[in-house]
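Structure assessment
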Amino acid sequence: MDVAVTPAAEKFIRRLLRLGGAAGSGFRLQVKAGGCSGLSAEFSVEAVPLAGDAVVEVSGIKLFLPAESRLLLDGVTIDFKETAMETGFVFHDPKLNGCGSCSTGGTTAAPPGHGKG
């Protein structure tokens, strides 16, 4: 599986793992089709992968990915943006052109309790 994580996304994920998980915990990322450019996401820190999750290690981080997420994230770069207008993950997929009305060229998935702007 080919998925990349930018330094900004890595920093955010590591912070969540430090705050919410025990040693060896992983970051569960469930990605679904939807949103302007094609992806939306839900995430959590989990001690172990759930049934059906694959463990994919990226930059020393254990990602717990359900089957649909693995398919949707193949070839995608996961970024994290925190601005006055938006906070959350941004997925850059070179296979998608987007609808043209998004300024980021990617899809933003906000952290729990945060809006998109």
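Scroll up for the structure.
Not measured: the values here are computed from a predicted model.

Within the structure shown, the criterion is met by three salt bridges. Glu10 is paired through a salt bridge with Arg14; the nearest N and O atoms lie 3.0 Å apart. On the criterion of helical spacing, the pair formed by Glu10 and Arg14 is a turn pair, its members being four residues apart in helix α1 (residues 7-20). Classification of Arg14 by relative accessible area gives partly exposed; the value is 32%. For Asp53, the salt bridge goes to Arg28, with nearest N and O atoms at 2.7 Å. Residue Asp53 is located in the loop between β3 (39-46) and β4 (54-58), and its partner Arg28 is located in strand β2 (residues 26-33); the two are separated by 25 residues in the primary sequence.

With that settled, consider the sheet that holds β3. Read from one edge of the open sheet, four strands run β3-β2-β5-β4, paired in mixed fashion. Each edge of the open sheet is held by one strand with a lone partner, namely β3 and β4. The sheet shows a mean angle of 30° between the axes of neighbouring strands, taken without regard to direction. For β2 and strand β5 (residues 61-65), the ladder comprises two bridges, and the chain directions are parallel. Bridging across to β5, Arg28 finds its partner in Phe64. The strands that α1 touches are β2, β3 and β5; relative to β3, the one it contacts most, it runs at about 35°.

With that out of the way, let us pick up α1. The first and last C-alpha atoms of α1 sit 20 Å apart over 14 residues, in line with the 20 Å expected at 1.5 Å per residue. Among all positions in α1, only Ala9, Phe12, Ile13 and Leu17 are buried. Projection of α1 onto a plane perpendicular to its axis shows the buried side chains occupying an angular sector of 135°, all on one side. Turned more than 90 degrees from where α1 packs its buried face, Pro7, Lys11, Arg18 and Leu19 sit exposed. On its buried face, α1 sits against β1 (4-5), β2, β3, β5, β6 (77-82) and β7 (87-92).

Turning our attention to unusual backbone geometry. Of note in the backbone geometry, Ser59 takes a positive phi value of approximately 55° without being a glycine. Looking at where Ser59 falls in the secondary structure, it is placed in the loop between β4 and β5. A residue is classified by how much of its surface remains accessible, and Ser59, at 38% relative accessible area, is partly exposed.

This part is about the environment of Ala54. Position of Ala54 among the secondary structure elements: in strand β4. Relative accessible area serves as the criterion here: at 22%, Ala54 is assigned to the partly exposed category. Along the primary structure Ala54 and Arg28 are separated by 26 residues, whereas in three dimensions their C-alpha atoms are 9.7 Å apart. Ignoring anything within four residues of it in the chain, the contact list for Ala54 reads Leu63, Phe64, Leu65 and Arg70.

Scoring rules and cut-offs
- Residues numbered from 1 in each chain as written.
- Predicted model: local features only at pLDDT ≥ 70, side-chain atom pairs only at ≥ 80, totals over all residues.
- Heavy atoms only, no water.
- Salt bridge = Lys/Arg side-chain N within 4 Å of Asp/Glu carboxyl O.
- Helix = DSSP H or I, 4+ residues; strand = E, 2+ residues; numbered from the N terminus.
- Buried < 20%, exposed > 50% of the residue type's maximum accessible area, 1.4 Å probe, protein only.
- Pairing = 2+ DSSP bridges.
- Axes fitted to C-alpha atoms, helices over the stretch in contact; angles between N-to-C directions.
- Contact = heavy atoms within 4.5 Å.
- Expected span 1.5 Å × (residues − 1).
- Arc of directions from axis to C-beta.

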